[in-house]
Amino acid sequence: MTTLEIVGKQVEFDEEGFLKNPDDWTRELAEALAAEMGITLTPKHWQVIEFCRQDFQRTGESPTLRRITKESGVTTKELYKLFPKGPAKKVARIAGLKKPTGCI
Amino acid sequence: MKKILILGAGTAGTMAANKLNHLLNKQEWQITVVDQDETHYYQPGFLFIPFGIYGEQEVVKPKKRFLPANVQLIISPIQLIEPEKNRVILEKENQILEYDYLIIATGTHPRPDQTPGLTEEEWRKSIHDFYTYEGAIALRNKLKNWQGGHLVVNIMEMPIKCPVAPLEFLFLADWYFTQRQMRDRVKLTLVTPLPGAFTKPKATQLLSQMFTERGIEVVPEFYTERVEPAQKLLISYDEEEVPYDLLVTIPVNMGADVIGRSGLGDELNHVPVDKHTFLSTKYDNIFALGDAASLPTSKAGSVAHFAVEAFAENFIRYVNGRNMEPNFDGHANCFIETGYGKGILIDFNYDVEPLPGKFPLPGIGPFTLLQESRINHWGKMMFRWLYWNMLLPGREIPFISNQMSLAGKQSD
């Protein structure tokens, strides 16, 4: 577990970089986490992030890549452009959700 | 008479029929099983076919033989499940079957049609699979005369059934080509969407080390968009390329189409269920068992086995109006064949990853967890007998409990 100071606040993450406490999530935190990965968030990014957060509220699980592309209207190709190298995991981290269980 | 309808007579469906038939009063309950295929395949055996270790007689038997005489087996594809009407419509003569309780055990299946380029002109020429009986036989014939080159095993997307089989295939290929004195003419590579060789960190560490020792390369985080069969290229969504001479693909796995058609599935046609009781999240008289269920654990025969044992006890409670116990913990137990007459055993559940130790008797074994040994290989070979004679008929296997045990395991 690691604690980082992001946008002036102490925030805890697990070993793989996923947020410990979902209540710590803010839009500013998402921007800071994305910036760390070299991503500048655009409205298209936010469309995906918001879909994932809503889906998590419904199902209790972070959506898999296939679920994101099927339900959010963003194609896999676009998703890889937005969040290069492992989009499902990256979106989950930025959106303050837990690791997607698709990888089992 | 109350009616239980089981869809699918594979590992989970057959075990469920046997367990429930044993536990329920036959004067009050009628069990019917539907499957589109008369043949029961021992799927763990497919892995050995390409290398000439197993043939037809080890893996093929009639389904009927493993079901109790008083359970009705109907051979037909399924048109539609109508959960609101508690009935299922078959393709055969549009027959309608009503049920009080429905158990979905229709499995998960490789779908090469889901990836552009796979099933075109090179299918079963330079592109092969081994998760089907026909595919395993075709690959055996291919390997017999293959002169060497770059053999790539690729996993299209998770989840797949038996996530250790692609690794075992590579270990066995290393051994097979070494025995044929052509290992120096073969390059072996695993291309996977996962961050490493396997899904769990400690096991991945050991397996990666073994891959390195055997000169097997891993290309991680590669999510295949399409295959270019003429140029023999795998192309990922972020436009990376892996060339191959012989592709052994693990296609996208999906649940049965009828699950999707009937509105019971997730985006891969797997049925969402409670992960401890297998009760559908939508209908209180529908359960899904085995690979058909959407569960956060491996899709594997061992999981189906432990799951059915936990389910059967709960089902009796449930139909008698009592609460079900959350008694399934995601337990999986997998022998990993590593070639040269050895194997590894891993034992894990939803919460605990595979750890080193002894199994099933703490300190004694005889099997060694997360460590190569000859006895593990014999365990894997013996398992085929257990499968046909103990597991499918629903008999208890001594010393193996359906919940995972931490006894005899070393954690940090």
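The structure this text deals with has already been given above.
Within each chain, residues carry numbers counting from 1 in the order of the written sequence. Chains and ligands are labelled by the order in which they are written, letters from A for the one and numbers from 1 for the other. Only residues with pLDDT of 70 or above have their local features reported here, since the model is predicted, and side-chain atom pairs are shown and tallied only from 80 upward, although totals for entire chains, interfaces and linings are computed over all residues. The basis for the side-chain values is all heavy atoms of the structure; hydrogens and waters are excluded.

Chemist: For the sheet that holds strand 11 (residues 127-128) of chain B, give the residues involved together with the corresponding values.
Modeler: Two strands in a sheet stick together by hydrogen bonds in their backbones, pointing the same way (parallel) or opposite ways (antiparallel). Residues and elements named next belong to chain B. A strand pair is defined by DSSP finding two or more bridges across the two strands. Secondary structure is summarised from DSSP: a helix means a run of H or I of at least four residues, a strand means a run of E of at least two, and numbering begins at the N terminus for each. Ordered by their spatial adjacency, five strands build an open sheet running 11-18-12-13-14, and the pairing between neighbours is parallel. Each having just a single partner strand, strand 11 and strand 14 (216-219) make up the two edges of the open sheet. For strand 13 (residues 186-191) and strand 14, the ladder comprises four bridges, and the chain directions are parallel. Directly across from Val191, in strand 14, lies its bridge partner Val219. We call two residues contacting when some pair of their heavy atoms lies within 4.5 Å. Orientation is described by axes fitted as lines to C-alpha atoms, over the contacting stretch for helices, and by angles from 0 to 180 degrees between their N-to-C directions. The strands touched by helix 4 (residues 165-179) are strand 12 (149-155), strand 13, strand 14 and strand 18 (246-250); relative to strand 13, the strand with the most contacts, the crossing angle is about 175°.

Chemist: I'd like a description of the sheet that holds strand 6 (residues 78-82) of chain B, backed by residues and values.
Modeler: All names here are of chain B. Pairing is antiparallel in the open sheet, where three strands are placed in the order 6-7-8. The open sheet has two edge strands with one neighbour each: strand 6 and strand 8 (96-98). On average, adjacent strands in this sheet sit at an angle of 20° to one another, irrespective of strand direction. Sheet analysis places strand 7 (residues 87-90) next to strand 8, joined by three bridges and oriented antiparallel. In the strand pairing of strand 8, Arg87 is matched with Glu98.

Chemist: Which residues make up the packing of aromatic side chains, and what are the values?
Modeler: All names here are of chain B. Ring pairs shown here join Phe, Tyr and Trp side chains whose ring centres sit within 6.5 Å, with only the six-membered ring taken for Trp; geometry is labelled stacked below 30 degrees between planes, edge-to-face above 60, and tilted in between. With the rule as written, the count across this model stands at 32 aromatic pairs over all chains. Ring geometry for Tyr42 versus Tyr387: centroids 4.8 Å apart, planes at 55°, classification tilted. Of this pair, Tyr42 sits in the loop between strand 3 (39-41) and helix 2 (56-59) while Tyr387 sits in helix 8 (residues 374-391), and the two are 345 residues apart along the sequence. On the basis of an interplanar angle of 65° and a centroid distance of 6.4 Å, the ring pair of Tyr101 and Tyr318 is categorised as edge-to-face. Of this pair, Tyr101 sits in strand 9 (residues 101-104) while Tyr318 sits in helix 7 (residues 301-319), placing them 217 residues apart in sequence. Throughout, exposure labels follow a simple rule: accessible area from a 1.4 Å probe, protein chains only, divided by the maximum for the residue type, with under 20% read as buried, over 50% as exposed, and the rest as partly exposed. Here Tyr318 falls in the partly exposed class, since its relative accessible area comes to 21%. Members of the aromatic cluster, connected to one another through ring pairs, are Phe51, Phe130, Tyr131, Trp146, Phe169, Tyr176 and Phe177.

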